[in-house]
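Descriptive analysis of the structure
Take a look at the letters that make up each chain.
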Amino acid sequence: VLMNGIIVMRSVLEEKNSRVMEVMLATVTPKELMAGKIVGVGAVGLTQMAIWGIAATLFGGGALAAVGRMAEGVHFTPAMIIFFPVFYLLGYLLYAALSAALGAAVNSQEEAQQWQFFIIMPLMASMILMMPVFSSPNSTMAVVLSLVPFFAPVLMYMRIIAQQPPAWQIALCLALLIAAIYGAELGLGSAELIL
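Predicted, not measured: the structure shown is a model, and the values here were computed from it.

A word on helix α7 (residues 117-135)
- Taking 1.5 Å per residue as the helical rise, α7 with its 19 residues ought to reach 27 Å, and the 28 Å between its terminal C-alpha atoms agrees with that figure.
- Among all positions of α7, only I119, I120, P122, L123, A125, S126, L129 and V133 are buried.
- For α7, the secondary structure elements touched by its buried residues are α1 (2-17), α5 (78-105), α6 (109-115), α8 (140-147) and α9 (152-162).

So, the layout of surface pockets
- Taken as a whole, the largest pocket holds about 400 Å³ of empty space.
- V1, L123, M127, P153 and V154 are the residues nearest the centre of the largest pocket, which is lined by 14 residues in total.
- Residue composition of the lining of the largest pocket, by class: 13 nonpolar, 1 polar and no charged.
- Approximately 160 Å³ is the volume found for the second largest pocket.

Let's talk about the packing of aromatic side chains
- Going through the model one piece at a time under the given rule, you end up with 6 aromatic pairs.
- A centroid spacing of 5.8 Å and a plane angle of 65 degrees characterise the contact between F84 and Y157, whose relative ring orientation is edge-to-face. With F84 in helix α5 and Y157 in helix α9, this pair connects stretches of sequence that are 73 residues apart.
- Relative accessible area serves as the criterion here: at 38%, F84 is assigned to the partly exposed category.
- Since its relative accessible area comes to 15%, Y157 is described here as buried.
- Ring centres of Y95 and F150 lie 6.5 Å apart, and the angle between their planes is 65 degrees; this geometry places the pair in the edge-to-face category.

Quick notes on empty space enclosed by the protein
- Here the structure, examined in full by the defined rule, presents 1 cavity of 30 Å³ or more.
- Every residue lining the largest cavity is listed: V1, L2, G5, I6, M9, Y95, S99, L102, Q116, I119 and I120.
- When contributions to the lining of the largest cavity are tallied by element, the ones reaching two or more residues are α1, α5 and α7.
- No other element matches α1, which puts 4 residues into the lining of the largest cavity.
- Split by residue class, the lining of the largest cavity holds 8 nonpolar, 3 polar and no charged.

Topic: the packing of α1 against helix α3 (residues 30-59)
- Interhelical geometry of α1 versus α3 gives an angle of 140 degrees and a closest axis separation of 10 Å. Here α1 and α3 pass one another in a crossing that is right-handed. Residues M3, N4, I7, V8, S11, V12 and E15 of α1 form the contact with α3, whose participating residues are M34, K37, I38, V41, G45, Q48 and W52.

A look at the packing of α3 against α5
- Packing of α3 against α5 brings their axes to within 10 Å, and their N-to-C directions diverge by 135 degrees. Accordingly, the angle class assigned to the pair α3 and α5 is oblique. The way α3 lies across α5 gives a crossing that is right-handed. Packed against α3, whose contacting residues are M34, K37, I38, V41, G42, G45, L46 and M49, the element α5 presents F84, Y88, L89, Y92, L93, A96, A97, A100 and A104 at the interface.
- Within the contact of α3 with α5, the residues separate by chemical class into 14 nonpolar, 2 polar and 1 charged.

What counts and how
- Residues numbered from 1 in each chain as written.
- Predicted model: local features only at pLDDT ≥ 70, side-chain atom pairs only at ≥ 80, totals over all residues.
- Heavy atoms only, no water.
- Helix = DSSP H or I, 4+ residues; strand = E, 2+ residues; numbered from the N terminus.
- Expected span 1.5 Å × (residues − 1).
- Buried < 20%, exposed > 50% of the residue type's maximum accessible area, 1.4 Å probe, protein only.
- Contact = heavy atoms within 4.5 Å.
- 1 Å grid on protein atoms, 1.4 Å probe; cavity = no way out; pocket = protein on both sides within 12 Å on 5 of 7 lines; lining within 4 Å.
- Points joined across faces, edges and corners; volume = space filled by probe spheres on them.
- Nonpolar A, V, L, I, M, F, W, Y, C, P; charged D, E, K, R; others polar.
- Phe/Tyr/Trp six-rings, centres within 6.5 Å; stacked < 30°, edge-to-face > 60°.
- Axes fitted to C-alpha atoms, helices over the stretch in contact; angles between N-to-C directions.
- Left-handed = near helix turned anticlockwise from the far one by under 90°.
- Parallel < 35°, antiparallel > 145°, perpendicular 65-115°, else oblique.

Next comes the structure, spelled out in structure tokens:
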């Protein structure tokens, strides 16, 4: 999610600085251009993950068997398999929209690097909070933080892995995440005016 979001930001910034975007905007609207960029980089990210999964399956059979012996108590449930792509895609859409807005708002790579900290920080905080959430998935802290859209792609999925939360919490989390994506897209629309 983070790497692909940064790719979106750099792509927007590069096209903005090279004036390629002005030529492309002659044929498409800014919203279509940004949507195409976000969807295209997202497809590359999913393809990359699929290749990694296939390579791990083909070339890492012995290592997977060893990990399987170490993780005998871990059982994949249908919810884990279903919600991984859901939270990956929603998290990607949120962070890609924020990154694209940042790329449209700044004028140089150096300026973008200074500001991207504010986009990266929630993901870093989510990674730090993974173990407390995993060890106590129904604590007040875990429930509240997993409903915050910027933490939800990591922490709600961690709760699903640790212990299936109630369906209403997952539904509320998904609704809040979709609302945040919509808000980020509105912010992206404002950033498009800068272009």
